[in-house]
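Residue-level listing of the chains:
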Amino acid sequence: MIGKLQKWEDSKRDHCNKTVEIYEDVSSPPVTPENFGRPLTCTYRFRAFRGSPKDWILRIRFKKFKVGTLINGTTCHKGYMQIVDGNAKTDVSNRKEPGLFCGEIEQPQTFISETNFVKIVFHADNFTDQTYFSFDSRAEQQFEVYLRYGQHPELYPNRRGEVVAGSYCERVFRDCRLQTCYVQSAAYPGVYPRNLHCRYHLNTRLPYIKLYIENEEFNIDGQRCENIMTCPMRPITSGSENCPYDYIRIYDGKDESASVIGTFCGMGKFPYSIVGTSQDLFVEFVSSPAGPLLNTGFHFNVGNWPGHVEAPGSKIGNCDWLLTADSLKKSGDTEGIFLSVAHWYPPHTSCTYLMQGFPGQVVRLYFPSFRINRIESPIVPWTGDCGESLTLYDAARPDDAKIIKTFCDTFSRPMEKHDFVSTGNAMFVRFESKTGSYSGSSLYYWAHYDFFNNTRFGEPVSGTACDEVIASWKQRAGRLRSPLNTLVYKQAPPGEDVHCLYRFVTDKRIFARVIVTILSVNFKEHPYTPVSCQNCYEDRADKLIIWEPFPTGRAANLSLGMTTTPLPLHLAVQRSIGSCLCAKHANTVTRSRPYRVVSSGESLNLQLIVDNAHAAASYFKNPSPLFEARYEFVHGPLCGPAVLAAASDGEIVYPHLEALGYTEPPKRIQCIWDLEIEEKRDIWLHFDSIKFASRHCDDGNIQIYLPGRIEPYLSVCGENVSLARELPILSAGELGFESLDDPLVMEKEKTRSIRIVFIGSASPARAAFKIAWTGLYHLPKNSDGTLMTSRLTDSGSYAPDGHNCDFICPGEEALCIPAKLICNGVVNCPNVTSGERRYWTAEEKRAREAYSEDSLRRLGYLDALTGELGKLHDEAPELCTGAHMAGSGDWMAPALGAALAIAISVCALGAAWRLCCRKRSPDEESLDY
């Protein structure tokens, strides 16, 4: 008996509690009657390498293993194995809580130590032939384990992280870049130990930190035993409820207090990588206290995912941004950028971007790069449409009535380099995901945004890019320039030029005319095919055209007829009515020499036309205006009619008293009268009365412009009112067409007109005047200047140009007027004498007197005439009184009635004048006739 016991002890010593030589095969003790059914504990230590460095590790291969039974994945029943990796002298060790392996393997499994010291303990509560194990071992230098340390490990000594002192598998990774940080389970690529609680602190220099796990082998609690019938393989799953034993948990931050991205276990190739929202991730790896000798853990790289751009704005919460024009301006950039969500996000995530401009701005958003993929790394599966979407709103908040565009992952096509433009100063973008994602959005986009000043000078026209209506009832005067919003130069449809129409409109009850003054033009030459702009309209050049949609006056009536239909641009140009400016006028139209256009009626159009072939290249985001102008609505109701048609005589009376009952005079007023004149007629302008409030020209200034002249022919105000006493006759030569040579004006049938401008105080009491004019005719003359006596003495009366030259005015100029101007209450004949005294020959005098007598006899004036013919003017009492007495008495009664009515009217008018006029100050200057 003693011999058998000794033999059993020797056998146990041979197989248990021994120091194992490297490369030695070790197996469990044989089953003998002495040990059968008895408790058995065997301890194996591997011989240390004397004098060898610490960078050796042990590779232990378990060829057979069946010890105990795993209960509920947490307890080993009736047996276990412990693997102690390291001791008190090594850098790391799990000797305090090594955990337990139990169960059975059918294929060899390998454990690769972290240190050069390993101890293995086998224990069976009831040793039988159903408990066995067998392993061998060999020593390797650490860097020879390629799957653990990778290529060139000497260059990256901390590739596996810096070990936290006193721990077995807690490691810190700093400034990770791809292939410089290997995050691995303990003992990788071998079976990982039990009862682990490993912590990995991961960091990159820049966001977003990324775990490159996609397509990497992953085996954490993939099997609880090798029998696939009893223990089917667990696919990679997520969620704490699905991973009760061994798992890896990833936090979006520096420690356990951060948000949990996911908890994973199972085996297979990991389907996706994981991207954090910052520079840090925290990974926790836990293995149960007891488990099978099967699972090999994990390995992945850490790097920086280049999807982070710091938007010039403020972040609100986790995923909402406020991107303002002020923030963009302070950043010094002209465009802001934001990217699609490139990191993980939970299900039902909503990320928003509010782009808020200054008042009067619009927002442009475009995508230089846009791809739509299927949802590749969902946290929650989704089988319906639009699992992820991106919606653009033309508003400062999500409003379904103002959706510009929605992109979905299932059916939308990306729109790259397309401008989405808001109508107001805000655009709202919302990304929504029903599934969540571990590695970023399925909608990958690179978004640029900027802000454009969309301030208008008038009322925008709906449905157009830049048309405006500038109405006098909105603003009386203002400035104007090419569109501040330069987006218009790149939004024209293909093949169409950029057209911006500015319509100036008024009502004669407010103002009767529009003045547009062009201060500068700054068109660029075509960068590819320069255009000479010889013909402003017909050449394909950038241009500015000004025309009247409702032209008035004689020329307009002759060419267009009376119409209430607006004249379109092409007809205005076809009929050459208007003005055109292009690049060649850049030096001739300046602020010091502006170009001024005064409408003849209540509307004026100004159209900017830019060649679409180079509009975007030349003018988009170009701060310089293509043109600058100012406008003013003038000629209010107090001015009376603006255009006075050509006639033999007429008058301008200011103020127009009929308007006093329905208009309130403004502080200042400007009246512009156009007096149309007939060809080959002299004009005599004369002031019947004139009154200024003071000697200051600001209180009232009358300027007279001859056709085609820029400088005034005469300027009269309080300080030089005496100039109005005697005005010279304006000859037909001074009023001729030869002065109308403005190259900007396209009118073929240019109506000659004298322009009279009054600028001053609007109060009717501060200035008042009456200007009368008469169209004068000439007696026929020979080429040498002598009278054509033969025509004057012919039978019948001389009728130049279809008008009767019925009354010869006194003086030496041989001027005459028609019969209707004789004795009409206004002196129409100027009594002028030429500077060079004219001596009439006897024949000329006889012819003139004979013609005058014949004309007056025919008109019924000669019989009652008592004075000398050559010295009487058309309102001489002896002429007019005689004519009245010579006539029949049949008209005396109506004449008396008319006189009485006129007297009553004059009295009423005088009363009204006294009511609305103040007492004249001593400073007032007047000239009454």
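Residues numbered from 1 in each chain as written. Predicted model: local features only at pLDDT ≥ 70, side-chain atom pairs only at ≥ 80, totals over all residues. Heavy atoms only, no water.

## Some thoughts on the overall build of the protein chain
Argument step 1. If you tally the helices and strands in the protein chain, you get 10 helices and 56 strands.
Argument step 2. Summarising the internal contacts of the protein chain: among those between residues at least 6 apart in sequence, 78% fall at separations of at least 24.
Argument step 3. About 44400 Å² of surface is accessible on the protein chain, with carbon and sulfur atoms providing 51% of the total. (Helix = DSSP H or I, 4+ residues; strand = E, 2+ residues; numbered from the N terminus. Contact = heavy atoms within 4.5 Å. Areas by Shrake-Rupley, 256 points an atom, 1.4 Å probe, with all protein chains shown as cover.)

## Here we look at the state of the cysteines
Argument step 1. Overall, the coordinates contain 16 disulfides when judged by the stated rule.
Argument step 2. Linked covalently through their sulfurs, Cys16 and Cys42 form a disulfide whose S-S length is 1.7 Å. In this pair, Cys16 is assigned in the loop between helix H1 (2–15) and strand E1 (18–20) and Cys42 in strand E3 (residues 40–46), connecting sequence segments 26 residues apart. Take Cys16 and Cys42: they sit in the same class, and that class is buried. (Disulfide = S-S within 2.5 Å. Buried < 20%, exposed > 50% of the residue type's maximum accessible area, 1.4 Å probe, protein only.)

## Overview of empty space enclosed by the protein
Argument step 1. One pass over the structure, following the stated rule, counts 8 cavities of 30 Å³ or more.
Argument step 2. Its boundaries defined by the atoms lining it, the second largest cavity holds a volume of some 70 Å³.
Argument step 3. As for the second largest cavity, its lining consists of 13 residues, of which Arg456, Glu468, Pro483, Leu484 and Asn485 are closest to the centre.
Argument step 4. In terms of residue class, the lining of the second largest cavity is built from 7 nonpolar, 4 polar and 2 charged. (1 Å grid on protein atoms, 1.4 Å probe; cavity = no way out; pocket = protein on both sides within 12 Å on 5 of 7 lines; lining within 4 Å. Points joined across faces, edges and corners; volume = space filled by probe spheres on them. Nonpolar A, V, L, I, M, F, W, Y, C, P; charged D, E, K, R; others polar.)

## Some remarks on the pairing of strand E39 (residues 498–505)
Argument step 1. Most of E39 sits out of view: 6 of its 8 residues are buried.
Argument step 2. Summarising the sheet, E39 and strand E44 (residues 603–610) pair through 8 bridges and their orientation is antiparallel. Note that in E44 the partner of Val498 across the bridge is Val610. (Pairing = 2+ DSSP bridges.)

## Here we look at the sheet that holds strand E35 (residues 443–453)
Two orientations exist for strands paired in a sheet by backbone hydrogen bonds: parallel and antiparallel.
Argument step 1. The antiparallel open sheet is built from 4 strands, whose spatial order is E28-E35-E30-E33. One side of each edge strand has no neighbouring strand; the edge strands of this open sheet are strand E28 (336–339) and strand E33 (420–421).
Argument step 2. In this structure, strand E30 (residues 361–372) lies alongside E35, joined through 10 bridges in antiparallel fashion. The partner of Gln361 across the bridge, within E35, is Asn453.

## What to know about the sheet that holds strand E26 (residues 314–316)
Argument step 1. Strand order in the open sheet made by the 6 strands is E26-E27-E29-E34-E31-E32, with mixed pairing throughout. Unpaired on one side and paired on the other, E26 and strand E32 (403–408) mark the two borders of the sheet. Shown here is a sheet whose adjacent strand axes are inclined to one another by a mean of 15°, direction ignored.
Argument step 2. Pairing between E26 and strand E27 (residues 320–324): 3 bridges, direction antiparallel. From the neighbouring strand, Ser314 faces E27, where its bridge partner is Leu322. (Axes fitted to C-alpha atoms, helices over the stretch in contact; angles between N-to-C directions.)

## Re unusual backbone geometry
Keep in mind that most residues, glycine aside, have a negative phi and that most peptide bonds are trans.
Argument step 1. With an omega dihedral of 10°, the bond running from Tyr188 to Pro189 counts as a cis peptide bond.
Argument step 2. With respect to the helices and strands, Pro189 occurs in the loop between strand E15 (182–184) and strand E16 (197–203).
Argument step 3. With an omega of 0°, the peptide bond between Pro207 and Tyr208 qualifies as cis.
Argument step 4. Positionally, Tyr208 belongs in the loop between E16 and strand E17 (209–212).
Argument step 5. Backbone geometry at His635 places phi at a positive 65°, although glycine is not the residue there.
Argument step 6. Mapping His635 onto the fold places it in the loop between strand E45 (627–634) and strand E46 (643–644).

## A closer look at the pairing of strand E12 (residues 132–141)
Argument step 1. Of all 10 residues that make up E12, 7 are buried, and the element is covered over most of its length.
Argument step 2. One ladder, built from 2 bridges, connects strand E2 (residues 26–27) with E12; its direction is antiparallel. Bridge assignment links Val26 to a residue of E12, and that residue is Phe135.
Argument step 3. Note that strand E4 (residues 56–67) and E12 share 10 bridges and pair antiparallel. Note on E12: the bridge partner recorded for Phe65 is Phe133.

## Looking at the packing of aromatic side chains
Argument step 1. Across all of its chains, the model carries 42 aromatic pairs by this definition.
Argument step 2. Both rings, one in Tyr192 and one in Phe285, keep their centres 5.1 Å apart while their planes meet at 85°; by these two values the pair is edge-to-face. Of this pair, Tyr192 sits in the loop between E15 and E16 while Phe285 sits in strand E23 (residues 280–286); the two residues are 93 residues apart in sequence, bridging distant segments of the chain. In this structure, Tyr192 and Phe285 share a single accessibility class: buried.
Argument step 3. On the basis of an interplanar angle of 40° and a centroid distance of 6.2 Å, the ring pair of Phe338 and Tyr449 is categorised as tilted. Of this pair, Phe338 sits in strand E28 while Tyr449 sits in strand E35, placing them 111 residues apart in sequence. In terms of burial, Phe338 and Tyr449 fall into one category: buried.
Argument step 4. Taken together, the ring pairs connect Phe338, Tyr353, Phe367, Phe370, Phe407, Phe420, Tyr445, Tyr449 and Phe451 into an aromatic cluster. (Phe/Tyr/Trp six-rings, centres within 6.5 Å; stacked < 30°, edge-to-face > 60°.)

## Describing helix H8 (residues 842–859)
Argument step 1. Here H8 spans 26 Å end to end across 18 residues, near enough to the 26 Å set by a 1.5 Å rise per residue.
Argument step 2. Phi for Gly860, located one or two positions after H8, is positive at around 90°. (Expected span 1.5 Å × (residues − 1).)

## Some words on a nonpolar patch on the surface
Argument step 1. On the surface, a nonpolar cluster with roughly 390 Å² of combined accessible area is contributed by Ile228, Met229 and Met233.
Argument step 2. Its location among the elements puts Met233 in the loop between strand E18 (217–220) and strand E19 (237–238).
Argument step 3. With a relative accessible area of 51%, Met233 lands in the exposed category. (Patch = residues over 30% accessible without salt bridge, like charges linked within 9 Å, V, L, I, M, F, W, Y side chains within 5 Å. Salt bridge = Lys/Arg side-chain N within 4 Å of Asp/Glu carboxyl O.)

## Some words on the side chain of Gln223
Argument step 1. By secondary structure assignment, the location of Gln223 is in the loop between E18 and E19.
Argument step 2. Here the side chain of Gln223 touches Cys225 through a polar contact of 3.3 Å, landing on its backbone oxygen.
Argument step 3. What Gln223 contacts, discounting residues up to four positions off in sequence, is Ile228, Cys231, Met233, Met267, Pro292, Leu294 and Asn295. (Polar contact = N/O pair within 3.5 Å; in protein donor to acceptor, adjacent residues only side chain to side chain.)

## Side note on the pattern of salt bridges
Argument step 1. The full count for this structure, using the stated rule, is 34 salt bridges.
Argument step 2. Between Lys770 and Glu651 there is a salt bridge, and its shortest N-O distance comes to 3.0 Å. In this pair, Lys770 sits in strand E53 (residues 767–778) while Glu651 sits in strand E47 (residues 649–654), placing the two residues 119 residues apart along the sequence.
Argument step 3. A residue is classified by how much of its surface remains accessible, and Lys770, at 23% relative accessible area, is partly exposed.

## Quick look at the confidence of the model for the protein chain
Detailed conclusions should not be drawn from predicted coordinates in areas where pLDDT is low.
Argument step 1. Mean pLDDT over the protein chain stands at 84; residues scoring 70 or higher make up 84%.
Argument step 2. Across residues 554–563, confidence stays below pLDDT 50; counting only partners more than four residues off in sequence or on other chains, it has 18 contacts.
Argument step 3. Considering only residues more than four positions removed or in separate chains, one finds that residues 911–929, a stretch of pLDDT under 50, has 43 contacts. (pLDDT = per-residue confidence, 0-100.)

## Overview of the environment of Ala645
Argument step 1. Checked against the element boundaries, Ala645 lands in the loop between E46 and E47.
Argument step 2. Residue classification places Ala645 among the exposed residues on the basis of a relative accessible area of 53%.

## Concerning the environment of Tyr366
Argument step 1. One can find Tyr366 in strand E30.
Argument step 2. Note on Tyr366: relative accessible area 14%, which makes it buried.
Argument step 3. Between the alpha carbons of Tyr366 and Tyr445 there is a distance of 9.8 Å; along the sequence they are 79 residues apart.
Argument step 4. What Tyr366 contacts, discounting residues up to four positions off in sequence, is Glu335, Lys417, His418, Asp419, Trp446, Ala447 and His448.

## A few points about the environment of Val716
Argument step 1. The topology assignment puts Val716 in strand E51 (residues 714–717).
Argument step 2. Sequence separation between Val716 and Gly700 is 16 residues, and the spatial gap between their C-alpha atoms is 8.5 Å.
Argument step 3. In this view, Val716 contacts Ile690, Phe692, Gly700, Asn701, Ile702, Val721 and Ala724; residues no more than four positions away in its chain are not counted.

## With respect to the side chain of Ser288
Argument step 1. Considering the arrangement of structural elements, one finds Ser288 in the loop between E23 and strand E24 (290–291).
Argument step 2. By relative accessible area, Ser288 is classed as buried at 4%.
Argument step 3. Aside from chain neighbours lying at most four places away, what touches Ser288 is Gly73, Arg194, Asn195, Arg224, Tyr245 and Asp246.

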